[in-house]
Amino acid sequence: MPAKRDLRVGLVGTGFMGRTHANAYHQVRRFFPQESAPELVAVCSRDEDKAANFAAQWGFGSHETDWRRLVERDDIDLIDIASPNDTHAEIAVAAAKAGKMVACEKPLGRNLAESQRMVDAVESAGVASMVWYNYRRVPALALARQMIEEGKLGRIFHSRFKFLQDWTMSADLPQGGAGTWRLDAKLAGSGVTGDLLAHCIDAALWLVGPFAEVCGTTEVFIRERTHALSGKREAVTAEDAGLFLARFANGSLASFEATRFARGHKALFTLEINGEYGSIEWDLHDLHRLQYFSHGDESALRGWRTIHVSDSDHPYMMAWWVPGLQIGYEHTFIHQVADFMRGLATGEKLVPDFRDGLAADAVVDAVLRSARSRRWEAVEDFAAPFNLEGVG
Ligand code: SOE
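Worth saying up front: this structure is predicted, and the values here are computed from it rather than measured.

Regarding the packing of helix 6 (residues 139-149) against helix 8 (residues 192-207)
Stage number 1. Two elements in contact, helix 6 and helix 8, have axes whose closest approach is 10 Å; the angle formed by their N-to-C orientations is 30°. Relative to helix 8, the element helix 6 is oriented roughly parallel. Within the contact between the two elements, helix 6 uses Leu141, Ala144, Arg145 and Ile148 and helix 8 uses Ala203, Trp206 and Leu207.
Stage number 2. A class-by-class count of the residues in the contact of helix 6 with helix 8 yields six nonpolar, no polar and one charged.

Listed below in structure tokens is the structure:
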């Protein structure tokens with residue numbers, strides 16, 4: 001099927017996230033043919049071999065070793081940033097100034113000042129932006145959002161979010177460098193707060209609403225690691241674990257927990273929301289199921305039910321297989337590209353955009369402030385509406 005208007009993509013970063021994005025650009029034209037299609041114009045990595053191999057493997061027309069070259073090219077519409085966090089702000093600001101649309105991995109910046117600069121850049125240039133909070137596009141979570149919008153849970157009182165991993169538990173694991181930059185706060189900005197809690201925070205912003213205040217604590221369990229670049233033992237400042245309590249603008253309360261030291265858990269992202277009329281529960285390890293309790297059910301039959309979110313009337317599932325057959329992690333990225341393309345075509349607000357990313361980063365910032373001050377800290381509300389007229 002011919003594309004309506006191809007979106008010419010320049011991707012920065014060839015790691016894990018670069019692969020998820022490249023795969024999404026490829027697949028979207030097959031499963032969402034009603035949207036215009038991305039064209040994979042160029043990929044950029046500082047390492048020439050990595051860039052060339054990635055371009056060949058994922059079908060990019062060309063490769064670059066300097067992102068500035070990508071930004072200068074006039075055959076690219078969208079700069080997609082999937083490189084480590086310390087590169088996000090500089091690339092995004094330059095791309096927006098050059099009139100390009102910008103997509104960026106989460107979190108936006110390493111700190112609030114960088115995130116704010118990124119938002120200012122896209123808003124003053126009037127270019128479209130997107131943050132890859134991909135879990136919003138899990139069909140079961142999209143269904144949860146629909147149910148909340150329709151009032152099925154009623155007023156929300158409590159919610160719980162956690163994201164547990166164990167991949168950094170070995171004291172021999174270095175910090176810094178290609179695979180382990182997430183452990184170096186100079187590059188990442190923070191540890192689990194900006195990496196894992198950020199996903200919980202984005203889900204909470206989306207499903208529960210704006211935060212009012214937070215109170216949290218963090219810990220670094222292994223305080224020194226060899227730095228992959230210097231070869232020397234260096235202090236670790238990226239937190240291994242973080243816990244916080246939150247009070248939302250709607251008066252509800254929540255707890256949040258993330259760690260990379262939960263032995264046996266690889267990506268246990270779970271959430272539960274309790275409302276006046278019902279509750280929901282979800283678990284990334286079983287991502288196509290949504291648990292739902294409705295107090296409105298006949299009293300003798302009331303109980304938790306499992307919704308297998310794989311039917312054609314479930315969000316996104318019309319595009320996939322026949323009812324009952326499920327999809328997975330990589331599809332969330334494909335859905336995000338499909339929604340982005342549809343937003344560009346219709347003018348519908350693209351979410352989450354950089355301003356939504358800033359709202360999440362403001363919560364990250366307040367949690368880290370609270371961990372230092374050992375007090376409740378207010379969360380600044382950045383989720384002001386952004387007029388999309390003329391965007392793109
Ligand atoms: C960290 O291990 C990580 O890869 C995060 O950076 C991703 O955002 C998360 O989706 C999975 O875990």
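On we go.
Quick look at helix 1 (residues 16-31)
Stage number 1. Compared with an ideal rise of 1.5 Å per residue, which puts 16 residues at 22 Å, helix 1 spans 22 Å between its outermost C-alpha atoms and is within 8% of the ideal.
Stage number 2. Along helix 1, the residues that are buried comprise Met17, Gly18, His21, Ala22, Ala24, Tyr25, Val28 and Arg29.
Stage number 3. Its buried side turned inward, helix 1 meets strand 1 (7-12), strand 2 (38-44), helix 2 (48-58), strand 4 (78-81) and helix 9 (329-346).

Looking at the pairing of strand 7 (residues 156-164)
Stage number 1. In terms of strand pairing, strand 7 meets strand 13 (residues 268-275) through eight bridges, oriented antiparallel. Paired with Arg160 across the two strands is Glu272, which belongs to strand 13.
Stage number 2. In this sheet, strand 12 (residues 253-259) lies alongside strand 7 in parallel orientation, the contact comprising seven bridges. By the bridge assignment, His158 is partnered in strand 12 with Leu253.

Re the nonpolar core
Stage number 1. Grouped together as the largest cluster of nonpolar side chains are 115 residues, with contacts concentrated most on Ile79, Ala92, Val102, Ala144, Leu197 and Val363.
Stage number 2. The residue makeup of this core includes at least three contributed by each of domain 1 (8-131) and domain 2 (135-378).
Stage number 3. Apart from residues lying up to four places away in sequence, Ala144 is in contact with Leu207, Ile280, Trp282 and Leu290.
Stage number 4. Listed in part, the five residues of the second largest apolar core include Leu183, Ala188, Val236 and Ala238.

The rules behind these values
- Residues numbered from 1 in each chain as written.
- Predicted model: local features only at pLDDT ≥ 70, side-chain atom pairs only at ≥ 80, totals over all residues.
- Axes fitted to C-alpha atoms, helices over the stretch in contact; angles between N-to-C directions.
- Helix = DSSP H or I, 4+ residues; strand = E, 2+ residues; numbered from the N terminus.
- Parallel < 35°, antiparallel > 145°, perpendicular 65-115°, else oblique.
- Contact = placed C-beta atoms within 7 Å.
- Nonpolar A, V, L, I, M, F, W, Y, C, P; charged D, E, K, R; others polar.
- Expected span 1.5 Å × (residues − 1).
- Buried ≥ 20, exposed ≤ 12 C-beta atoms within 10 Å, placed from the backbone.
- Pairing = 2+ DSSP bridges.
- Core = buried A, V, L, I, M, F, W, Y, C linked by C-beta atoms within 7 Å.
- Domains from an automatic or database assignment.

Honestly, it's all geometry; don't read function into it.
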